[in-house]
Amino acid sequence: MKLRRYREFIGFSAIALVVLLLVSGSKLGFRALKVKLAVPLQNFLLGGDVEPAAVEPFAQRCQYLPGVAFNSPQRCSMLEFPPYYARGHWVRNCNFSEARGELAPLQYAELDNATLMKLYSDGNVFRMNFACSDHHSVEKRRQLLHYYWQPHTCHLAAYNTERMRGILSRHRFLFVGDSIMWQTALSIEYMSGIKVPYARSFILVNHRTLSPMTKEELEYCAEMQRIDAPDDSCPQELPYHRALRTLNWTLLLPETDVLVFSVGHHWWKEDKDFTRFKTMADRFTAFLAKHFPGKIAIFVSAVWGHRYCLFYDSPLETIPLSNETDTDDIFHWKRAIRVQESFRLAIAEHTHQRGTHPHMVYLYMNHTALRPEAHYKPGIDCLHYCQPGVVDTWVHFLYNLFEDLHL
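Here we summarise the structure given alongside this text. (Residues numbered from 1 in each chain as written. Predicted model: local features only at pLDDT ≥ 70, side-chain atom pairs only at ≥ 80, totals over all residues. Heavy atoms only, no water.)

### A word on the overall build of the chain
Alright, step 1. From N to C terminus, the chain includes 11 helices and 11 strands.
Alright, step 2. Carbon and sulfur atoms form 55% of the exposed surface of the chain, whose accessible area is close to 19600 Å². (Helix = DSSP H or I, 4+ residues; strand = E, 2+ residues; numbered from the N terminus. Areas by Shrake-Rupley, 256 points an atom, 1.4 Å probe, with all protein chains shown as cover.)

### Section: the environment of tyrosine 362
Alright, step 1. Residue placement: tyrosine 362 occurs in strand 9 (residues 359-363).
Alright, step 2. Considered as a pair, tyrosine 362 and phenylalanine 343 are 19 residues apart in the sequence and their alpha carbons are 7.6 Å apart.
Alright, step 3. Looking at tyrosine 362, its side chain comes within polar contact range of the main-chain oxygen of glutamine 340, at 3.4 Å. (Polar contact = N/O pair within 3.5 Å; in protein donor to acceptor, adjacent residues only side chain to side chain.)

### Description of the nonpolar core
Alright, step 1. Membership of the largest hydrophobic core comes to 92 residues, with the highest contact counts inside it found for Phe261, Ile298, Phe343 and Leu363.
Alright, step 2. Counting seven residues, the second largest nonpolar core, distinct from the first, contains Leu218, Cys221, Cys234 and Leu247. (Core = buried A, V, L, I, M, F, W, Y, C linked by side-chain atoms within 4.5 Å. Buried < 20%, exposed > 50% of the residue type's maximum accessible area, 1.4 Å probe, protein only.)

### Some details on the environment of alanine 222
Alright, step 1. As for its placement among the helices and strands, alanine 222 is situated in helix 7 (residues 215-226).
Alright, step 2. Classification of alanine 222 as partly exposed rests on a relative accessible area of 37%.
Alright, step 3. Taking the C-alpha atoms as reference, alanine 222 lies 7.7 Å from leucine 244; in sequence the two are 22 residues apart.

### Quick notes on the pairing of strand 6 (residues 258-261)
Alright, step 1. Residues Val258 and Val260 point to one face of strand 6 and Leu259 and Phe261 to the other, with burial holding for every one of them.
Alright, step 2. Here strand 4 (residues 173-177) pairs with strand 6 via four bridges, running parallel. Note on strand 6: the bridge partner recorded for valine 176 is phenylalanine 261.
Alright, step 3. One ladder, built from four bridges, connects strand 6 with strand 7 (residues 296-300); its direction is parallel. (Pairing = 2+ DSSP bridges.)

### Overview of the packing of helix 6 (residues 179-192) against helix 11 (residues 390-404)
Alright, step 1. Where helix 6 contacts helix 11, the two axes come as close as 9 Å, and the packing angle between them is 75°. By the angle between their axes, helix 6 is roughly perpendicular relative to helix 11. Side by side, helix 6 and helix 11 meet where Ile180, Gln183, Thr184, Ser187, Ile188 and Met191 of the first sit next to Val391, Asp392, Trp394, Val395 and Leu398 of the second.
Alright, step 2. Within the contact of helix 6 with helix 11, the residues separate by chemical class into seven nonpolar, three polar and one charged. (Axes fitted to C-alpha atoms, helices over the stretch in contact; angles between N-to-C directions. Parallel < 35°, antiparallel > 145°, perpendicular 65-115°, else oblique. Contact = heavy atoms within 4.5 Å. Nonpolar A, V, L, I, M, F, W, Y, C, P; charged D, E, K, R; others polar.)

### Some remarks on the side chain of serine 192
Alright, step 1. Structurally, serine 192 is set in helix 6.
Alright, step 2. Look at serine 192 and you get buried, because its relative accessible area is 5%.
Alright, step 3. Engagement of the side chain of serine 192 in a polar contact is seen with the backbone nitrogen of isoleucine 194, the distance being 3.1 Å.
Alright, step 4. The residues contacting serine 192, other than those within four sequence positions of it, are Tyr159, Thr161, Met164, Arg165 and Leu168.

### Concerning helix 5 (residues 161-170)
Alright, step 1. Buried within helix 5 we find Thr161, Met164, Gly166, Ile167 and Leu168.
Alright, step 2. Close packing links the buried residues of helix 5 with strand 4, helix 6 and helix 11.

### Some remarks on the state of the cysteines
Alright, step 1. Counted by the stated rule, this structure contains three disulfides.
Alright, step 2. Note on cysteine connectivity: cysteine 76 is disulfide-linked to cysteine 154, with sulfurs 1.9 Å apart. Measuring handedness by torsion sign, the sulfur bridge of cysteine 76 and cysteine 154 sits at about 95° and is right-handed. Separated by 78 residues along the polypeptide, cysteine 76 in the loop between strand 1 (49-50) and strand 2 (88-92) and cysteine 154 in the loop between strand 3 (147-151) and helix 5 bring together distant segments of the chain. Like cysteine 76, the residue cysteine 154 is buried in the burial classification.
Alright, step 3. The residue that forms a disulfide with cysteine 309 is cysteine 382, at a sulfur-sulfur distance of 1.9 Å. The S-S bond linking cysteine 309 to cysteine 382 shows a torsion near -65°; that makes this disulfide left-handed. Taken as a pair, cysteine 309 in the loop between strand 7 and strand 8 (320-321) and cysteine 382 in strand 11 (residues 381-385) lie far apart in primary sequence, 73 residues in all.
Alright, step 4. Using a relative accessible area of 3% as the deciding quantity, one classes cysteine 382 as buried. (Disulfide = S-S within 2.5 Å.)

### A few points about the packing of aromatic side chains
Alright, step 1. Taken as a whole and assessed by the stated rule, the structure comprises 20 aromatic pairs.
Alright, step 2. Cation over ring: arginine 344 sits above phenylalanine 81, and NZ or CZ is 4.0 Å from the ring centre.
Alright, step 3. Across from the ring centre of tryptophan 90, 4.5 Å away, lies the NZ or CZ of arginine 371, which sits over that ring. (Phe/Tyr/Trp six-rings, centres within 6.5 Å; stacked < 30°, edge-to-face > 60°. Lys NZ or Arg CZ within 6 Å of the ring centre and 35° of its normal.)

### Looking at the environment of asparagine 160
Alright, step 1. Among the secondary structure elements, asparagine 160 is positioned in the loop between strand 3 and helix 5.
Alright, step 2. A distance of 3.1 Å separates the side chain of asparagine 160 from the backbone nitrogen of glutamate 162, its partner in a polar contact.

### Points about the pattern of salt bridges
Alright, step 1. What the rule picks out here adds up to nine salt bridges.
Alright, step 2. Aspartate 257 is paired through a salt bridge with arginine 172; the nearest N and O atoms lie 3.0 Å apart. With aspartate 257 in the loop between helix 7 and strand 6 and arginine 172 in the loop between helix 5 and strand 4, the pair connects residues that are 85 residues apart, well separated along the chain.
Alright, step 3. When its relative accessible area of 23% is taken as the criterion, aspartate 257 is described as partly exposed.
Alright, step 4. On the basis of relative accessible area, arginine 172 is assigned to the partly exposed category, the value being 41%.
Alright, step 5. Note that glutamate 237 is salt-bridged to arginine 245, the shortest N-O span being 3.5 Å.
Alright, step 6. The exposure class of arginine 245 is exposed, given its relative accessible area of 57%. (Salt bridge = Lys/Arg side-chain N within 4 Å of Asp/Glu carboxyl O.)

Next comes the structure, spelled out in structure tokens:
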């Protein structure tokens, strides 16, 4: 009995110590302990394990390198499969306070140090719902810019503001999707100074037909709503993701040369098991083949959410694996990631019969899986990433893709 009570006392004492550390947040010892416990704790909670590192981990080592490290003479191709540009690690530049010009963080490589400091001292610079200044300290916001993405076996072309401005000026872009795509459009505006057209759409398609809507269909359904005459071929107005006003983005296609779109994290509200996602992907690509001929369509894969992002202080070295069941995936983030492959396959099948059809491209965002500490509101919003930061690497990927497409 005494031995049992002794064990219980030791166990409760250990738990109390951990709780005390969590509450106190001591800068001396807690940060290191928190980093060491973060991944094991998530794996324990999710019932999974961490995949062994395929390369030597960067282990928080400091590297004072250009915004894009030319670790390989081979330029990453954004059009080939597998996507080597999305396989790499986040490199840390510890000399942030001295960074200038070419050696500044990738996200704002052409801004001087004084401007960079202003971005993090003045929260009003970024007037949006996902500003890092909302929920991260000045120290944390600066740390978020310490990291830039470096592929293992190739390099990305350095982001060039003037070239990006030229691309955006020469072509008529349209960005379509949910708040993640909106963040991408905002980042482009901040990094280039040019505002790109954005249309909010949560699932992109009519939930009844699983296909985008033509002008005639939109007009017909709008008239049916006006006279209050429900039609089984028309989308319902509720819930919000079905609303007709979120499906009229197709009216902008005649004025568009380059379509950038994404879908995934809202799909569960329509199809919780994601069983209809593949059908939607097939019908979506078929729609573009017919109504968007001779142009460019870019599907941007869904970004990763991290259910326990509160426990992280720095990037991961490898993508965590877990045995989390669909029942445990309460936010449907993992299912949204898994079904993205349906679009890649639909685009690959379409590409073989392209002819005068649009050039369709699949752009991977798997590198976001390694940045659990960079979310907008740790512990509350572990899907969106705060800005500036990780979101800007999405623009960097797009910039390299635009270069490969000779835009």
